[in-house]
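What follows is the residue order along each chain.
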Number of protein chains: 2
Amino acid sequence: MFDSLSLDTTNKSSELDVLIIGAGPAGLMAAASLLRYGISNIRIIDKRSTKIFTGQADGLNPRSLEIFQVLGMGTRIQDEVLELAEIRFWNPDSTGRIRRTSRIPDTIPGISRFRQSVVHQGRIERIFLDKIAEWSTPSHASRTGIESLYEDTRPQVQVERAVCPDMLSLPSLSASALSDLPEDRITVRLRHLTEKEALPAQFSPTAASDGIFRSNMFQDDALDACPVGLPSEEYLETVHCRYIIGADGARSWTRKAVGFELVGESANFFWGVLDGIVITDFPDIRARCAIHSAHNGSAMVIPRENDLVRLYIQIAQPEQGKRPNRSDITPEKLLQSAQLILSPYKLEMPKVEWFTCYEIGQRLADHWVWNDRIFMAGDACHTHSPKTGQGMNISMADTFNLTWKLAHVLQKKADPKILKSYEIERAQVAAELIEFDQKFARLFSGKPAKDVLDESGISMEEFQTTMEKSNRFSSGTSVDYQPSELVCKEKTNKREFSYQDDLARKLPIGPRFYSQQVVGVADAKAYQLADLVGADGRWTILIFGGDVTQYSECRYRLEKLSEYLASDAGSPIRKYTPKGVDLDSIINCLTIVASKQASLEYEQFHPVLRPKVGKYGIQAYKKIFTDDESYHQGHGKAYESYGINPKVGCIAIIRPDQYVSWVTSIENHAGLASFFDAFMLEP
Amino acid sequence: MFDSLSLDTTNKSSELDVLIIGAGPAGLMAAASLLRYGISNIRIIDKRSTKIFTGQADGLNPRSLEIFQVLGMGTRIQDEVLELAEIRFWNPDSTGRIRRTSRIPDTIPGISRFRQSVVHQGRIERIFLDKIAEWSTPSHASRTGIESLYEDTRPQVQVERAVCPDMLSLPSLSASALSDLPEDRITVRLRHLTEKEALPAQFSPTAASDGIFRSNMFQDDALDACPVGLPSEEYLETVHCRYIIGADGARSWTRKAVGFELVGESANFFWGVLDGIVITDFPDIRARCAIHSAHNGSAMVIPRENDLVRLYIQIAQPEQGKRPNRSDITPEKLLQSAQLILSPYKLEMPKVEWFTCYEIGQRLADHWVWNDRIFMAGDACHTHSPKTGQGMNISMADTFNLTWKLAHVLQKKADPKILKSYEIERAQVAAELIEFDQKFARLFSGKPAKDVLDESGISMEEFQTTMEKSNRFSSGTSVDYQPSELVCKEKTNKREFSYQDDLARKLPIGPRFYSQQVVGVADAKAYQLADLVGADGRWTILIFGGDVTQYSECRYRLEKLSEYLASDAGSPIRKYTPKGVDLDSIINCLTIVASKQASLEYEQFHPVLRPKVGKYGIQAYKKIFTDDESYHQGHGKAYESYGINPKVGCIAIIRPDQYVSWVTSIENHAGLASFFDAFMLEP
C-alpha cells in the first residue's frame, strides 16, 4: 500500500488493537487505562524523544484526582501534589494601590473528597509511565487481585519516542473494526526518527536553560532524560490498527490526516507564564491569587510544589491586529511586567525554572471521531487558555471516557454502538469549557487596565462571582452526560425506563458517582464506596438494600432481588458473565444496607451477593457494607447523602468510568435486565 | 591486629562512623534514619544472602506508622498495609461450642491518627531498602527540601548481604568515639560469604516451598531475589568503626562478642503460625479474632493483605519438660489443630504461604550498651512471643530512639553523654513489653483447655479486660520516657526546671508528641503538626502564642520571645546554629497561634519566626500556623486537645524523634536557653 521501503526492525506487533498517537496526558491516560482493563495489544508513540520534565500544565482538579484514585494511582499522585486551599482576590483601591479584597475556598467544600492541586505535567507523565510498565507486566493481574478474563500474553508496553505517523490509509466505511481481515484495518506508516531529528530544544547544547533543566531532574526521571536506542538512520514501519486515538495535541497530525479542523477564534489577549523561585514581600504568594492592577494588567499567582511559584502575567496589548513578537518575550520582561502588576510589593525570581507565553484563543474540533474508528482527544479537539487549569484535566477525562468503551467492544462485551457516546459526551464538555473560558478570559484579561476603575471597565464583583461559579465547573465534578444507552435519564431517554425521583434524590443520573464512606460487614472497616467500585473495566450494581435488620420488607425485597440475580431467568449477571469465570468479572454487585454493623452477619446475605472468586474459590469479603458509624472515621451517612430512604432502598448502576447510569427500584428486576440488554453482548 | 588474610576488594570505606550489623527492621530503621539525618559514612551488613520475601512479623502499630509518616515513608507504607478495625472474642458456651461473645475496636479511637495494621515484614524491608537508596543519593537533600549542613559526599549505601562479622577488637574504655586515631576505633573483621554458604533454605532446589515462594514475588523485589555479586571464594575484610549497632537478632553475634546475655525463661507454651489463603464458613475470618475453644486450645485470626489470613495456633502441650518435635510440626498438622479449635466451622487452606512454630518465652539482655560505643537493639535485647505484634515495632523504635542521638554526637551538635539515655529509655520499654507479654501469653495459652470451663481455668473476662488494657500498650503510644537531660519532667529531674502543670495539661512530658491539625497562615491549608515537625534530625520549639488577635498580652509575650530568640543574649537558636547556615537548621521554631486565620498576616510575625532559608534566601512559609477551622478538613482544636489556654500559651520542646522534652512558659527565656545548654555543643 505504501512504498516498499518499510522496514520492521522491532519486535513490536504491527497488528494492533489500538494505536495511541501522542504521549501527553490524554495519550498516557488512554494507554494506562486500556492496560488496566486488559487491552494489551496496543502501542503508544510520540514524536518527541523524551518525556516532559518541567513546566507545562500543572493543575489537577478534584475529578482528576478521583479518577487517579479509582484507577489505582492515587497514593503516588497525592504524595507529590501541592493542594490549594484558598483563592484571594486583589484589586486596586481608590488610589490605585492593590489591596486584598476577599477570599474564597479554592475547592467548594464538600464537592469531592479531593481538592484542587498542582504538580507539573512531568510528574504526572512519570507516574503514568510507571503504571503503564506495571500494568503491562503479565504478573499484574494477580498482584492487584484482578483475575483477567482473557489470556494474558501482554508484551510490556512502553511509550515509543521519536516516532511519528506520516501516512494514513483508511478502510472502507463498512469495514468492521473487529474484523481480522487486513483490508479492514486502518493502516498507518510510522517514521522512526534519529536522535538528531527528535532532539528537543532543551537538550540542544546552545539552549540557555540546559543547566536549569538538568539541575531539576527527579531521580526517577533520570533514565528518561537521555534518549537511547534511537536509530542512526530514519526508518519506516507500517502498522494495521483496529482503532486509533489521536492525542497528538493542538497541531494534531491525526486530525489533519482525517480532515477535521479546529474552529474558533483568538481573543487577542496575550499572557506569559513564569515558573520559579520567588522572593517577595507580597503576603499571599503561597495562596492562589487573582490580581487586577489599576494600570498594568492582571496576574495570577499559583503556589507550586517544591517552593516554586507560577505566575500568569498579562502582556501589554499590541496594536489592534498585531501580535507581540515572540522573541521579545523573555523571562526578564515577564518578570518586569509582574513587578509592575504587584507593585508596591517587591518581587524577585532568582531562579526561573520554565517560562512560556500564549495567546488566549478558544478552538473546537469540527468533528471528533472518524467512523467510530479514529478518536480525537485532548488538545487535538479543544484548545483554550491554560490559566484555569482545565486543559490537562479535560484531556485525561476524554480518554478515560473512551477507553472502557473500546475495551468493552474489543472484548466483545458490548455492541460497538456504545462508541457513539464518546463524541456526544465529550464534545458537550468541551463546548462548556470553551464557553467558560471565553467568559473567564474576558473578565481576567479585562479591558485596558485604566478602565478597571471607571464604569466602562469590567466589574470586580462580576469577576469574583464568575470565579466562584466557575469553581464547580473547574473542579470537574459538574459534568453531566447526555442520555444514551449508557445514561438512562427520565423522559429524554428513548427507551421508556421508569425513573422515580424519590428513590435517590441526591444521586442524579448523568454526573459522576460521588463517594461516601461505608462500613464493611465482614471486617468493620471504613471504606470509600468509590474505591470499592474502582475503575477496572467492570460495571457496578450498587444495591441499597435498606435497613434489613429493622424492616422485614427490606429483607424480603433484597432476598427477591438476590434470587433473581442468581436465577437463569434473565439475570444480567448470569447472562453476561462467561461460563467458568468469576461471577463478578463483568458486573460487580455491591450491597449497602442501612443497619447497625453489629446486627449483621456476612453469611446472612444471599450467596449471589458474596460470590466465591479467584483461583481458590474463596469467599469475596468486600461485597456487603452498611451505612453505620465506624470506629475511627465517623459516620459516612451514605443513605442521607444520596437521598435514599432506608425503608425503601434502590439500585444504582455505575459505569466503568464511575458515572451514574441509572437509578431504579430494587424490585425492578426486568428493568435491570433491560438496561444491560440494550447494549451488552452475550459471551 | 588480625591475620593478614584480609583482602579489601570493595571500594567501601573501612573507616566507618557506624557499622550496622543485621538488616532486619531494627537495622534497616537505623540505616534509613541515619541517612535521613545526614550520617552517610555507614555500612549495613547481613549474613543472609537475600531479603525477607514473605511471612515473619506482620503487625505495624499506630506508633510505627507515625514514625514512618514523619520520616517521610508514610504514603508508601499506607498504600500497602491492611488496617484492622475490630477484635472479636470467641469463647465456648455452656455446651462447649465456640460463640462470638464480644467486639472491641482494634485501635482505641482517638489514640493516634493511624490504626493498627498488618503487612508482612518483607514489604517493610522493601520500602526501607528503597528509602536507603534514595536517601543515600547525593541529590536527596535538594529534593526533600532539606539543605544539609555538611558537605554531601555520600556514597550510595546498600545492604551488603552474605557478610558476617567474625572477630571484634575493642579499643580502650577511655578512647573517644570521635577520635580519628586508628587505635580508638572498634575493629571488626567481616567475612564475605560465597553464594553457597549464604543461600537460604528457601532457595534450595529441594525446598518444597520453592514454587510457592517464587509465585508470590513482588515485582519490585525481583532484583533482590537472586543473590548476585557474591564472591566465588570467601574473603575477609577489616573495618574500623566509631560506633556499632548490633541488630542481629535473638542469636546476636554482636551481643555474644561483647559478652552480654539474654536472660529469661521459656513458658513451655508452643504455638504455630500459618499464613495462607483460607476457605471457611467461620464468619469473622476478616477480623482479628481471639478464640478460646473448650477442649482444643486457642487460636488467633489475623486478616492480612492480598486476601491472606494468618492463624496463630496453640500446639498441644507436650509432657512436662519436653518440647514438641520440630519436624512433627507441619502445615498439615497446624491446620488440623486450627480445624479443631474452630470447629464446628469448616476451615481449609488451599494455599500455604508461610508457616513456622515457636515456644513462648521472654528474655531480656542483661546489658544493652558497651561503653556508649556498641548498642544492641531489637531481638538482640528482647525476645518474646510474636502474637501481639510487638517485636518488629519495638525493634524499629529502639534504633529510631538511638540514631538521632548518634547523629547529634557525630555531627558534634551534642555531648556524647546523651547516648546514655538510649538504654535508660529503651530497656524500660522492653521490660514493660516482657511483663505485658508474660501476662498476655499466660491468659491466651491458658491452662489446658478443659479448665477454661471450670473455675480453676483462666477467666474469659480477665482475658478480654487484659486485651483491652493492652491495646494502649500495643499501640506503641503509651511509652513514657524517664527523666534525663532530654526529658525534663517535674521534680524527678535533677536540674530544677520549673514546670507548670496548667500550661499544657494534655501534652505530657515523656510520651510521644501527639499530632493535631492546624491551619497555615500563609496558605490557609490544613496541616498535621507532627508532619510539620518531621523527623529530619532537628529539634522543634513549638511556640503556642495564644490568640494574638484578641489579646494584646499574647502579642506582647510573643514579641518579647521573638526578640530574645533573635538576640545575641543567649538565644539557643543563634547559639547552636553555625554561622552561614539557615537559622532553622538545628532548632526549628513553629509558631501556632489561636486566632482566626483571616485575621492574621504572615508578615506581622517577627522575622525570626519566619526566617529566610535555602540557597536563594526565600522566606520559609511553613512556620506560622493557627488553630482555626479549615475549609475542607474541619477544626483541629489543637489548643483544646493539648490543654493549652489561648490567653496564656506556652512553649513545647519536641525531640528529633518527636517525644516531648519539656513544656514551659512562653516567658521563660532563660529556661529555654538552659534546656539546650545542658547537652548541646556550640559549633
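Residues numbered from 1 in each chain as written. Chains lettered and ligands numbered in written order. Predicted model: local features only at pLDDT ≥ 70, side-chain atom pairs only at ≥ 80, totals over all residues. Heavy atoms only, no water.

A. Just the side chain of Arg255 of chain A, in detail. All names here are of chain A. Relative to the helices and strands, Arg255 resides in helix α9 (residues 253-257). Within the buried set, Arg255 has no salt-bridge partner at all; the shortest N-O distance to an opposite charge, 6.8 Å, is to Asp366. Discounting residues that sit within four places of it in the chain, Arg255 has contacts with Gly249, Ala250, Phe260, Glu261, Leu262, Met376, Asp379 and Ala380. (Helix = DSSP H or I, 4+ residues; strand = E, 2+ residues; numbered from the N terminus. Buried < 20%, exposed > 50% of the residue type's maximum accessible area, 1.4 Å probe, protein only. Lys, Arg positive; Asp, Glu negative; His and termini not counted. Salt bridge = Lys/Arg side-chain N within 4 Å of Asp/Glu carboxyl O. Contact = heavy atoms within 4.5 Å.)

B. Geometry of the sheet that holds strand β28 (residues 660-664) of chain A. All names here are of chain A. The strand order across the open sheet built from seven strands is β21-β20-β26-β23-β22-β27-β28, with neighbouring strands paired in mixed fashion. Every other strand in the sheet has two partners, leaving β21 (526-528) and β28 as the edge strands with one partner each. For this sheet, the mean inter-axis angle between neighbouring strands, taken without regard to orientation, is 30°. With two bridges joining them, strand β20 (residues 517-520) and strand β26 (residues 624-626) adopt antiparallel strand pairing. Opposite Gly520, over in β26, you have Phe625 as the bridge partner. (Pairing = 2+ DSSP bridges. Axes fitted to C-alpha atoms, helices over the stretch in contact; angles between N-to-C directions.)

C. Structural context of the pattern of salt bridges. Under the definition given, this model contains 84 salt bridges over all chains. Taking the shortest distance from any N to any O, the salt bridge between Arg43 of chain A and Glu160 of chain A comes out at 2.6 Å. You can see Arg43 of chain A sitting in strand β2 (residues 42-46) and its partner Glu160 of chain A sitting in strand β8 (residues 159-161), a full 117 residues away along the chain. Glu160 of chain A matches Arg43 of chain A in its accessibility class, with the two residues each being buried. Glu425 of chain B is the partner of Lys405 of chain B in a salt bridge, and the nearest nitrogen-oxygen pair spans 2.8 Å.

D. Fine view of a positive patch on the surface. Taken together, Lys47, Arg251, Lys256 and Arg326 of chain A make up a surface patch of like positive charges. The exposed category is assigned to Arg251 of chain A, whose relative accessible area is 71%. (Patch = residues over 30% accessible without salt bridge, like charges linked within 9 Å, V, L, I, M, F, W, Y side chains within 5 Å. Areas by Shrake-Rupley, 256 points an atom, 1.4 Å probe, with all protein chains shown as cover. Charge placed at Lys NZ, Arg CZ, Asp CG, Glu CD.)

E. A look at the sheet that holds strand β21 (residues 526-528) of chain B. All names here are of chain B. Spatially, seven strands are ordered β21-β20-β26-β23-β22-β27-β28 in an open sheet, and the strand pairing comes out mixed. With partners counted over all chains shown, the strands left at the sheet margins are β21 and β28 (660-664), one partner each. Neighbour-to-neighbour, the strand axes of the sheet open up by a mean angle of 30°, direction not taken into account.

F. Highlighting the relation of the copies chain B and chain A. Superposing chain B onto chain A requires a rotation of 180° together with a translation of 0.0 Å along the rotation axis, leaving an RMSD of 0.0 Å. This pairing of chains is accounted for by a two-fold axis. Closest approach to the rotation axis within chain B is made by the C-alpha atom of Thr75 of chain B, at a distance of 3.3 Å. In this assembly, 100% of the residues forming the interface of chain B have copies in chain A that are likewise at the interface, indicating an isologous arrangement. (Least-squares fit on C-alpha atoms with pLDDT ≥ 70 in both.)

G. How the structure looks around the side chain of Ser562 of chain A. Position of Ser562 of chain A among the secondary structure elements: in helix α15 (residues 552-566). With sequence-adjacent residues up to four places away left out, Ser562 of chain A is seen in contact with His606, Val608 and Leu609 of chain A.

H. Quick peek at the interface of chain B and chain A. Contacts between the two partners involve 54 residues from chain B, matched on the other side by 54 residues from chain A. Of the roughly 4600 Å² buried at the junction of chain B and chain A (both faces included), carbon and sulfur atoms supply 51%. Remark: the boundary between chain B and chain A carries two salt bridges. Among the salt bridges present, the one from Glu601 of chain B reaches Arg100 of chain A, with a minimum N-O distance of 2.6 Å. One can count 13 residue pairs in polar contact (both at pLDDT 80 or more) joining chain B with chain A. Elements represented by at least two residues in the side of chain B that touches chain A include exactly α3 (74-80), β4 (82-83), β5 (86-92), β6 (98-105), β12 (262-280) and β16 (347-365) of chain B. Counted by class, the side of chain B that touches chain A contains 25 nonpolar, twelve polar and 17 charged residues. (Buried area = accessible area lost by both parts, 1.4 Å probe. Polar contact = N/O pair within 3.5 Å; in protein donor to acceptor, adjacent residues only side chain to side chain. Nonpolar A, V, L, I, M, F, W, Y, C, P; charged D, E, K, R; others polar.)

I. Spotlight on the state of the cysteines. Applying the stated criterion across every chain yields a total of zero disulfides over all chains. Considering cysteine sulfurs only, Cys554 of chain B is the nearest to Cys650 of chain B, which forms no disulfide, with 11 Å between them. (Disulfide = S-S within 2.5 Å.)

J. Unusual backbone geometry, seen in detail. Of the consecutive residues Ser343 of chain A and Pro344 of chain A, the connecting peptide bond is found in the cis state with omega at 15°. By the secondary structure assignment, Pro344 of chain A is in the loop between α10 (331-342) and β16 (347-365). Positive phi outside glycine occurs at Asn306 of chain B, with the angle close to 55°. Judged by relative accessible area, which is 39%, Asn306 of chain B ranks as partly exposed.

K. Here's a closer look at the packing of helix α2 (residues 62-71) of chain A against helix α11 (residues 391-410) of chain A. All names here are of chain A. Relative to each other, α2 and α11 sit at 40°, their axes nearing to 10 Å. Considering the angle they form, α2 stands oblique to α11. Judged by the twist between their axes, the crossing of α2 over α11 is left-handed. Of the residues in α11, those touching α2 at Arg63, Ser64, Ile67, Phe68 and Leu71 are Asn393, Met396 and Phe400. Looking at the contact of α2 with α11, its residues break down into five nonpolar, two polar and one charged. (Parallel < 35°, antiparallel > 145°, perpendicular 65-115°, else oblique. Left-handed = near helix turned anticlockwise from the far one by under 90°.)

L. The arrangement of the confidence of the model for chain A in detail. Residues and elements named next belong to chain A. Model confidence for chain A is summarised by a mean pLDDT of 86, while 86% of its residues fall at 70 or above. Long-range and interchain partners of residues 1-9, a stretch whose pLDDT sits below 50, account for 22 contacts in this model, where long-range means more than four residues apart. Note on residues 447-456: pLDDT under 50 across the span, and 19 contacts to partners over four residues away in sequence or across chains. Under the prediction, the complex receives an ipTM of 0.88, its pTM being 0.90. (pLDDT = per-residue confidence, 0-100.)

M. Representation of the packing of helix α11 (residues 391-410) of chain B against helix α12 (residues 420-445) of chain B in the model. Residues and elements named next belong to chain B. Direction vectors running N to C along α11 and α12 enclose 170°, while the axes themselves pass 10 Å from each other. On the basis of their axis angle, the class for α11 and α12 is roughly antiparallel. On α12, the residues that touch Ile394, Ala397, Asp398, Asn401, Leu402 and Lys405 of α11 are Ser421, Tyr422, Glu425, Arg426, Val429 and Leu433. In terms of residue class, the contact of α11 with α12 is built from six nonpolar, two polar and four charged.

N. How the structure looks around helix α13 (residues 460-474) of chain B. Residue and element names in this part refer to chain B. The end-to-end C-alpha distance of α13 is 20 Å, a good match for the 21 Å that 15 residues give at a rise of 1.5 Å each. Met460, Phe463, Gln464, Thr466, Met467, Ser470, Asn471, Phe473 and Ser474 are the residues of α13 that are buried. One or two residues past the end of α13 sits Gly476, with phi positive at roughly 80°. (Expected span 1.5 Å × (residues − 1).)

O. α11 of chain A, seen in detail. Residue and element names in this part refer to chain A. Helix length check: α11 (20 residues) gives 29 Å between terminal C-alpha atoms against 28 Å at 1.5 Å per residue, within 8%. Counting buried positions over the 20 residues of α11 gives 20, a clear majority of the element. The positive-phi residue at the C-terminal boundary of α11 is Lys412, with phi of around 55°.

P. Focus on the packing of aromatic side chains. Residue and element names in this part refer to chain A. Taken as a whole and judged by the stated rule, the model has 44 aromatic pairs over all chains. On the numbers, 4.9 Å between centres and 90° between planes, the contact of Phe675 with Phe676 is edge-to-face. Phe675 gets classed as buried once you look at its relative accessible area, which sits at 0%. When its relative accessible area of 0% is taken as the criterion, Phe676 is described as buried. Clustering of aromatic rings is evident, with ring pairs tying together Trp404, Trp539, Trp662, Phe675, Phe676 and Phe679. It is Arg36 that lies over the ring of Trp135; its NZ or CZ is 5.3 Å from the centre. (Phe/Tyr/Trp six-rings, centres within 6.5 Å; stacked < 30°, edge-to-face > 60°. Lys NZ or Arg CZ within 6 Å of the ring centre and 35° of its normal.)

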